[in-house]
Amino acid sequence: MPILSLFSKFFSPKYIEEAKGFIDSDPKHILVNDKSSFKKMLSILSKAGSCVMDTEADSMHHYQEKLSLIQISVGKYHWLLDPLCELNIKPLWKCRALKRITFHACDYDLRLLARFHEFHPESVYDTSIAAKLLGERQTGLAALVGKYFGIKLNKENQRADWTKRPLSPEMCHYAVLDTIYLDAIKELQCKKLEELGRMEWLQESCENVLKKSQNNQNSLLENEPKDNWRLKGSNVFRPLELQLLRAVWQWRDHEAKKRDCASYRILGPYFILAVVKAAAKIKGKISEHDLPRLPRNLKGKLLQSFLRELNAAASAPANEYPAPLLRKASPRTAINEDLREKLRELRNKKAEELKIDFGLLATQNQLNALADGLNGTWEEKFEAAELMNWQREIWRSLVPNAVLPKTANELRAWAKERLLAMSAESKAKESEKLLLELFAHPVLKNGCIAAFYPTEHEPQIIPFLKKLAGEGRLLLPRVCNEQKMELVQVQNFEEDIESGTFGIMEPKSDLPAFEGNPTAFLVPGVVFGKDSSRVGHGAGYYDRFLTAFKGVPKLGVAYSAQIRSSLSQSATDVRMNEVIWVRG
């Protein structure tokens with residue numbers, strides 16, 4: 001039997017005594033909270049080849065997170081195992097059925113099982129991963145059940161306190177529904193995956209999730225977290241701010257422990273950071289009026305204790321302040337941004353062909369590794385990106401097309417192709433954002449501005465041009481003989497311009513040339529670099545013209561499709577002072 005068929009067979013949804021169907025129309029659960037019910041459950045799990053599992057925890061309700069319920073299904077047996085009762089459940093983890101477990105979005109479940117029971121299954125099947133590989137747009141359990149079976153799941157108890165005993169009938173019914181559909185979903189998914197030739201993708205993806213879960217658990221055991229009070233975003237804090245942060249965090253931790261509630265219910269992390277920043281600016285005693293608006297429950301004696309801890313921390317000797325952590329040196333990278341963009345284009349196009357989410361082919365971090373020039377050959381890049389074998393196979397077919405344009409003509413062809421591919425909606429949105437930047441740009445506030453009348457492929461900045469014309473500050477170029485240009489002041493935007501050289505709108509021939517220097521230039525181009533380099537259409541009009549205005553700021557204006565990290569420049573190319581474009 002082929003290996004791939006074996007994988008789906010290992011996860012056969014049927015218990016030997018339950019050959020008919022996978023879904024109960026009226027599911028009955030078996031509560032396991034004593035030796036008798038536990039023993040009966042073990043007798044079946046010891047024979048079954050696999051099972052379905054889900055877990056519930058209480059991190060939203062209590063100070064110390066606990067694994068509060070374990071749901072297990074085999075055929076039409078649906079157990080709700082209470083791990084909080086005084087039952088020794090160690091024999092469970094040795095059962096044959098628990099070697100191969102079906103989950104839905106198993107990351108959190110695996111973390112709970114490893115943390116509280118040091119258990120890792122030998123193999124997992126994740127219906128969420130399978131749904132993604134099948135190109136399902138919505139991969140949540142409720143969405144899959146609704147699509148496959150037309151059944152709407154009630155998610156009322158999703159945030160319930162699962163430590164409450166006895167469990168209400170509603171909570172038990174909710175818990176059972178998390179497992180009873182997975183066998184049927186899996187059966188349908190396996191059939192579709194085999195038809196698409198993606199069972200191997202699923203097998204390796206599930207193995208990868210299990211491997212990462214085990215590695216993460218080992219890492220947590222080896223590196224016990226220290227200084228938990230150092231919240232994300234505090235790495236830039238000065239010693240006084242760190243001193244205040246530690247005091248607030250410890251006060252919150254004490255209150256959460258005393259009330260047995262989740263810490264964030266006392267004070268949220270973003271609010272803590274805001275309090276610390278405000279308190280650090282106060283010279284003298286800190287009062288509630290010096291701080292951001294406090295939560296409604298922070299008043300009376302609770303508020304007094306909070307302010308007391310905050311002021312005690314602020315008045316402590318400076319030699320007691322915690323020091324900023326030394327940042328670990330980041331691994332050396334040499335990411336080629338243009339290559340990364342090309343790889344992203346190839347990835348997205350391939351994902352569209354496969355009708356799957358593009359993140360399955362490579363995440364942003366993996367794209368960074370693939371575009372890192374320090375990683376050597378493509379195979380070395382695949383290794384650095386930690387791509388799975390099925391991903392590598394796809395990328396091996398893509399990377400021969402990851403060729404970057406080098407010459408000016410190749411760059412022009414590259415940009416023109418991308419501009420043609422831009423939708424009218426995308427161009428309109430980017431033009432709108434560019435206009436906001438132009439209206440607000442300090443260099444363009446005063447004086448005469450030398451601009452350009454946009455073609456259909458260039459950012460549509462006409463509203464800004466009309467504003468300049470109405471203020472008597474608009475200069476537009478007019479092509480003269482011998483490939484030269486001159487600036488002309490345009491005051492009536494509708495009547496002062498006509499179609500000129502190359503079909504581009506320019507000032508009428510009877511208007512006088514402008515004498516003097518503009519305050520700034522708005523410059524068009526075909527390709528721009530983030531380093532302010534520029535490639536024009538090739539005739540050199542702008543490069544020749546701009547050399548006469550060395551001290552005048554030159555601002556390139558472009559769509560994001562025209563941007564590269566940098567461009568090689570010749571001696572005659574004029575570099576911009578700035579490029580204005582819409583960043584992603």
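About the cut-offs
Residues numbered from 1 in each chain as written. Predicted model: local features only at pLDDT ≥ 70, side-chain atom pairs only at ≥ 80, totals over all residues. Heavy atoms only, no water. Pairing = 2+ DSSP bridges. Helix = DSSP H or I, 4+ residues; strand = E, 2+ residues; numbered from the N terminus. Contact = heavy atoms within 4.5 Å. Axes fitted to C-alpha atoms, helices over the stretch in contact; angles between N-to-C directions. Salt bridge = Lys/Arg side-chain N within 4 Å of Asp/Glu carboxyl O. Buried < 20%, exposed > 50% of the residue type's maximum accessible area, 1.4 Å probe, protein only. Parallel < 35°, antiparallel > 145°, perpendicular 65-115°, else oblique. Left-handed = near helix turned anticlockwise from the far one by under 90°. Nonpolar A, V, L, I, M, F, W, Y, C, P; charged D, E, K, R; others polar. pLDDT = per-residue confidence, 0-100. Core = buried A, V, L, I, M, F, W, Y, C linked by side-chain atoms within 4.5 Å. Phe/Tyr/Trp six-rings, centres within 6.5 Å; stacked < 30°, edge-to-face > 60°.

### Regarding the sheet that holds strand β14 (residues 534-535)
Spatial ordering of the open sheet is given by β14-β13-β16, a layout of three strands whose pairing is mixed. In this open sheet, the two strands that pair with only one neighbour each are β14 and β16 (563-564). The sheet contacts of helix α16 (residues 408-421) involve β13 (527-529), β14 and β16, and relative to β13 the element is tilted by about 105 degrees.

### Some thoughts on the pattern of salt bridges
Inspection of the entire model under this criterion finds 24 salt bridges. Ionic pairing is found between Glu65 and Arg115, a salt bridge with its closest N-O pair at 2.5 Å. Here the residue Glu65 occupies a position in the loop between β2 (51-57) and β3 (67-74), and Arg115 occupies one in helix α3 (residues 107-117), the gap between them amounting to 50 residues. Classification of Glu65 by relative accessible area gives buried; the value is 11%. Given a relative accessible area of 39%, Arg115 falls into the partly exposed group.

### Quick notes on the sheet that holds strand β8 (residues 474-479)
On the basis of which strands lie adjacent, the open sheet formed by six strands has the order β9-β8-β7-β12-β15-β17 and mixed pairing. Because the sheet does not close on itself, it has two edges, and the strands there are β9 (485-490) and β17 (578-580). Sheet topology places strand β15 (residues 554-557) next to β17; three bridges connect them, and they run parallel. Bridging across to β17, Gly556 finds its partner in Val579. Taken strand by strand, helix α18 (residues 462-470) contacts β7 (449-450), β8, β9 and β12 (520-523), and its axis lies near 110 degrees from that of β8.

### A short note on the packing of helix α9 (residues 239-259) against helix α10 (residues 269-279)
Two numbers describe how α9 lies on α10: the axes approach to 9 Å, and their chain directions differ by 135 degrees. On the basis of their axis angle, the class for α9 and α10 is oblique. The handedness of the crossing between α9 and α10 is right-handed. Of α10, the residues touching α9 (which contributes Glu241, Leu244, Leu245, Val248 and Arg252) are Pro269, Ile272, Leu273, Val276, Lys277 and Ala279. Along the lines of polarity and charge, the residues of the contact of α9 with α10 split into eight nonpolar, no polar and three charged.

### Thoughts on the confidence of the model for the protein
Looking at the protein, the pLDDT average stands at 91 and 93% of residues meet or exceed 70. Per-residue pLDDT, averaged within each element of the protein, yields its smallest value for helix α1 (residues 3-10) (55) and its largest for helix α15 (residues 389-398) (98).

### So, the nonpolar core
Ranked by size, the top nonpolar core spans 90 residues in total, and within it Phe38, Met41, Leu45, Ile72, Leu92, Leu98 and Trp395 carry the most contacts. Sequence-distant contacts of Leu92, defined by excluding residues within four places in its chain, comprise Phe38, Met41, Leu42, Leu45, Ile72, Leu81 and Leu98.

### Quick word on helix α6 (residues 169-177)
For the α-helix, the turn length of 3.6 residues means that residues three or four positions removed from each other point alike. Taken together, the buried positions of α6 are occupied by Met171, Cys172, Tyr174, Ala175, Val176 and Leu177. Those residues of α6 that are buried lie in contact with β2, β3, β4 (77-81) and α5 (141-149).

### Notes on the pairing of β8
Every regular strand shows the same layout, with side chains that alternate between the two sheet faces. Within β8, five of the six residues are buried, leaving the element largely enclosed by the surrounding structure. Where β7 meets β8, two bridges bridge the pair, whose relative direction is parallel. Residue Ala450 lies in a different strand from β8, and its bridge partner there is Leu475. Pairing between β8 and β9: six bridges, direction antiparallel. Across the sheet, the residue bridging to Leu475 is Gln489, located in β9.

### Comments concerning the packing of helix α12 (residues 337-354) against α15
Between α12 and α15, the shortest axis-to-axis distance is 11 Å and the interhelical angle comes to 115 degrees. Judged by the twist between their axes, the crossing of α12 over α15 is right-handed. Residues Leu343, Leu346, Arg347, Lys350 and Leu354 of α12 form the contact with α15, whose own contacting residues are Ile394, Trp395 and Leu398. A breakdown of the residues in the contact of α12 with α15 according to their chemical character gives six nonpolar, no polar and two charged.

### A look at the packing of aromatic side chains
Any pair of aromatic rings gets described here by the distance separating the centres and the angle formed by the planes. Within the structure shown, the criterion is met by 13 aromatic pairs. Measuring from centroid to centroid gives 5.3 Å for Phe439 and Phe464, while their planes differ by 75 degrees, and the two rings are edge-to-face. With Phe439 in helix α17 (residues 424-440) and Phe464 in helix α18, the pair connects residues that are 25 residues apart, well separated along the chain. Taking the relative accessible area as the measure of exposure, Phe439 reaches 31% and is therefore partly exposed. In this structure Phe464 comes out as buried when scored by relative accessible area, which is 2%. Members of the aromatic cluster, joined through ring pairs, are Tyr148, Phe149 and Tyr181.

### Section: unusual backbone geometry
That bond from Arg165 to Pro166 is cis: its omega, 0 degrees, falls within 30 degrees of zero. With respect to the element layout, Pro166 can be found in the loop between α5 and α6. Here Ala105, not a glycine, exhibits a phi torsion of approximately 55 degrees, which is positive. Residue position: Ala105 is located in the loop between β5 (100-103) and α3. For Ser532, which is not a glycine, the phi torsion comes out positive at approximately 75 degrees. For Ser532, the position within the fold is in the loop between β13 and β14.

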